[in-house]
Amino acid sequence: MRAHVSVRTLGIVAIDVGERRIGPSSGRLFALLLYLTSRRGHASSRRVVQELLFPQAQNGQAAHSLRQLLYRLRQLAAPIQADADQISMPLELVSVDWWDLLDGRAPAMSDLEQLSHGVFPGYSPDVSESYREWFETERAEISLRLSRSLTTHLTQLRGGGRWDMVDVAARALLALDPLSEEGTLARAEALAIAGSKSAALGVIDEYLHEVGETQSQLRVAPRALRRRISERLPDVSLRTTDDQLFVGREDAMRMLGAMGAAARAGGQQVLLVWGEPGIGKTRLLSEYKALASLQGGITQMYSCQPHDVFRPLGIFCDLVEQLLQAPGALGCDPGARELLERLVSTNTHLGTAREEASAEAPLTAIVRSLSDLVSSVAVECPVLILVDDAQWLDRSSLSAILGVFAGRSPRRSCLVLASRNRALVAGADSYSDSVFSVRLNPLAPAPALELTRNLLRSDMRGDTEVERHVLEQAKGNPFFIRLFCSHFLATTDAESLKHTVSEILERRLEQLSVEAMRVLESCVVLGKNCTFARLEALLEVPRHQLLRAVEELDDRALVQISDGCFLSSHALLGEAVIKR
Ligand SMILES: Nc1ncnc2c1ncn2[C@@H]1O[C@H](COP(=O)(O)OP(=O)(O)OP(=O)(O)O)[C@@H](O)[C@H]1O
Ligand SMILES: [Mg+2]
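Residues numbered from 1 in each chain as written. Chains lettered and ligands numbered in written order. Predicted model: local features only at pLDDT ≥ 70, side-chain atom pairs only at ≥ 80, totals over all residues. Heavy atoms only, no water.

This part covers the overall build of the protein. A tally of regular secondary structure across the protein gives 25 helices and 14 strands. Considering the protein as a whole, with its 580 residues, one finds that 51% of them fall into the buried category. At a minimum sequence separation of 6, the contacts of the protein that also span at least 24 residues come to 70%. Per element, the accessible surface of the protein, about 27,400 Å² overall, is 51% carbon and sulfur. With 64 positive and 72 negative side-chain charges, the protein shows a spacing of 4 Å between the two charge centroids. (Helix = DSSP H or I, 4+ residues; strand = E, 2+ residues; numbered from the N terminus. Buried < 20%, exposed > 50% of the residue type's maximum accessible area, 1.4 Å probe, protein only. Contact = heavy atoms within 4.5 Å. Areas by Shrake-Rupley, 256 points an atom, 1.4 Å probe, with all protein chains shown as cover. Lys, Arg positive; Asp, Glu negative; His and termini not counted. Charge placed at Lys NZ, Arg CZ, Asp CG, Glu CD.)

Quick look at the structure:
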């Protein structure tokens, strides 16, 4: 009987011969086995093996010691084939764990975690100098093959927005090749996107320090990324782990990535992402925005609110205002610039003044002027504009913005709109070859389950009954998945999962204290203008009371606190509050 030999190099170092495990503590026995498995299917000369394992011994003594080792291996039923001159192991009876990582399939999180400890973690053979040399070459070759394959996967994970996995994959890549530029950049990006801006900058600085001043070609990309991270990313507070997981949108992210790449190459486009409330439009846009701002260029996102419908040219002016500050804006035609500046200066005085200003200038002139501004900015750097909740854009902003971005123009810019309403760009037929629209579908079952498991507390995971209820009720809608999971965690009542979404929203609101409810209502009314100071002024309550109410809302994940402002956590929740 010849046993199967399986070599484990990831996570732990061991060789299993059938049921028996041989570890590095077995010294030369392990070293021989490792050598023979690495040369599986090829014969090795006894003389060479003797030199590797027993360089100090006399010839006769070395041959004897090798025979003894081979005898011990045969006792274990290791498949050794040997004659007077050569030794080998048959290919088909040897398997090695890292092979599985080279078959092109995306590695699982557990594989990546193991890889992040490197190959042969902790193994440092002291058999002989020449054996050590052989082993280091072997390890370097394996590391090279693994890091090539990992680099490909890393690109896919980045494009798909799986930053949780990018982080681990980048660490794995750095474990294999500590000076990997791809690994360093991806690790810094993952940290930056998770909100650890200073840690991200630290990773890049350390790398720059390692490669030193002399290798200037290795410093270009990290320097550029460093600048983008430090200039473009806000110092946001760390996202909670709940918020970090972003699942099942690899295709949508790739599509956005392809569109961004086309735009950077000078092909202007407009994309409408539409889908039901809570399906993940805002999340998709924010994830893409984070990725795009690391790639350079101007990336701006505007979120419309229900009252924007009544702000003629409101969002349009917000956009103009920021573009006027952008590099390259000075290259804009002076007449166009003057018209836009006039429009914007009335933006602060709500209502009539701007209507007057826009009444003076017909829409076509406004569109032409902004188009000129976008063109001058895009000469300097690509322009990516994202407009979320575009169903609340006022009509004139919508037609003006579409007029600017949907026109065919070889310009480095693009516009992404997210809307609950698919018919938003229906009137833009005249530009049909540059306006695309895609529906954001419910999450597929596997990512929906991944999200559910992640949100349920660890002791509830594996409760397939609860998971099944959540998945059935939520139908792939991530907002509903979150709602059902947090409701279940608060009540631990599986029966309650059978209620409808609006019943559950209603119940969650019922459980709030009076103060917390008032604060939530104010958040909804103030929308994106909701700052702490405004809340204090509006509610006229002592600060400590306000803080307590905010904490209560935060504990129940009903508000999101960001940059000193806080917003009600979701438009759907806002609607439930208004309905009450
Ligand atoms: N792919 C995803 N993975 C994990 N969580 C997600 C995903 N997509 C969305 N979410 C979460 O689900 C919730 C709802 O998503 P989001 O706000 O993006 O929906 P929406 O389509 O913009 O809804 P609305 O039309 O009401 O604005 C958010 O908490 C968001 O973080
Ligand atoms: Mg949204």
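Now that the structure has been shown, the text picks up again.
Bringing the packing of aromatic side chains into the picture now. All chains considered together, the criterion is met by seven aromatic pairs. Ring geometry for Phe-30 and Tyr-123: centres 5.2 Å apart, planes at 80°, overall edge-to-face. Of this pair, Phe-30 sits in helix α1 (residues 28-38) while Tyr-123 sits in the loop between α4 (109-115) and α5 (129-159), placing them 93 residues apart in sequence. Look at Phe-30 and you get buried, because its relative accessible area is 0%. A relative accessible area of 6% means that Tyr-123 is categorised as buried. Members of the aromatic cluster, connected to one another through ring pairs, are Phe-30, Phe-120, Tyr-123 and Phe-135. (Phe/Tyr/Trp six-rings, centres within 6.5 Å; stacked < 30°, edge-to-face > 60°.)

The next point concerns the site of ligand 1. With respect to spatial proximity, 20 residues lie near ligand 1, and among them Gly-278, Lys-281, Thr-282, Arg-420 and His-570 are the closest. In the environment of ligand 1, an oxygen atom lies 2.9 Å from a nitrogen or oxygen atom belonging to the backbone of Gly-280. Here an oxygen atom of ligand 1 sits 2.8 Å away from a polar atom, N or O, in the side chain of Arg-420. Computed on the free molecule, ligand 1 has an accessible area of 630 Å², of which 92% lies beneath the protein chains in the complex. Contributing elements (two or more residues each) for the shell around ligand 1: α12 (281-294) and α20 (478-491). Grouping the amino acids of the shell around ligand 1 by side-chain chemistry returns nine nonpolar, four polar and seven charged. (Near = heavy atom within 4 Å. Polar contact = N/O pair within 3.5 Å; in protein donor to acceptor, adjacent residues only side chain to side chain. Nonpolar A, V, L, I, M, F, W, Y, C, P; charged D, E, K, R; others polar.)

Right, let's get into the pairing of strand β10 (residues 383-388). It is a general feature of regular strands that their side chains alternate between the two faces of the sheet. Burial runs high along β10: six of the six residues are buried. Neither face of β10 is exposed, since Val-383, Ile-385 and Val-387 on one face and Leu-384, Leu-386 and Asp-388 on the opposite face are all buried. Sheet analysis places strand β9 (residues 298-303) next to β10, joined by six bridges and oriented parallel. Opposite Thr-299, over in β10, you have Leu-384 as the bridge partner. (Pairing = 2+ DSSP bridges.)

Attention now goes to the sheet that holds strand β1 (residues 5-8). Here four strands make up an open sheet; going across it, the order is β3-β2-β1-β7 and the pairing mixed. Single-partner strands in this sheet number two, and they are β3 (20-22) and β7 (94-96). Sheet twist, expressed as the average angle between the axes of neighbouring strands with direction ignored, equals 20°. Set on the sheet, α1 makes contact with β1, β2 (14-17), β3 and β7; between it and β2 the angle comes to about 80°. (Axes fitted to C-alpha atoms, helices over the stretch in contact; angles between N-to-C directions.)

So, on to the environment of Ala-252. Residue placement: Ala-252 occurs in helix α11 (residues 250-264). A residue is classified by how much of its surface remains accessible, and Ala-252, at 13% relative accessible area, is buried. As a C-alpha pair, Ala-252 and Ala-14 span 238 residues in sequence and 42 Å in three-dimensional space. Residues within four places of Ala-252 in sequence aside, it is in contact with Leu-284 and Leu-440.

Every buried residue belonging to helix α23 (residues 532-539) is among Phe-532, Leu-535 and Leu-539, and all of these are buried. Along α23, the residues classed as buried sweep out an arc of 60° about the axis, all on the same side. Among the exposed residues of α23, those oriented more than 90 degrees off its buried face are Ala-533 and Ala-537. At the exit of α23 stands Glu-540, carrying a positive phi of roughly 50°. (Arc of directions from axis to C-beta.)

Turning our eyes to something else, we now look at the pattern of salt bridges. Enumeration according to the criterion identifies 19 salt bridges in this entry. A salt bridge links Arg-162 to Asp-164, with the shortest nitrogen-to-oxygen separation between them at 2.9 Å. By relative accessible area, Asp-164 is classed as partly exposed at 22%. Residue Arg-453 is joined to Glu-467 by a salt bridge in which the shortest nitrogen-to-oxygen separation is 3.1 Å. Of the two residues, Arg-453 sits in helix α18 (residues 445-455) while Glu-467 sits in helix α19 (residues 464-474), which places them 14 residues apart along the sequence. Given the relative accessible area of 35%, Arg-453 is considered partly exposed. Overall, the relative accessible area of 3% leaves Glu-467 in the buried class. If you follow the salt bridges from partner to partner, you end up with Arg-162, Asp-164 and Glu-450 in one network. (Salt bridge = Lys/Arg side-chain N within 4 Å of Asp/Glu carboxyl O.)

Now for the nonpolar core. By size, the foremost hydrophobic cluster in this structure holds 93 residues, and its most contacted members are Leu-32, Leu-34, Leu-53, Tyr-123, Tyr-131 and Ile-229. Looking at this core, the element that brings in the most residues is helix α6 (residues 163-176), giving nine residues. Those residues in contact with Leu-53, other than ones at most four positions away along the chain, are Arg-28, Ala-31, Leu-32, Leu-66, Leu-69, Val-127 and Tyr-131. Listed in part, the 49 residues of the second largest apolar core include Leu-343, Val-383, Trp-392 and Val-435. (Core = buried A, V, L, I, M, F, W, Y, C linked by side-chain atoms within 4.5 Å.)

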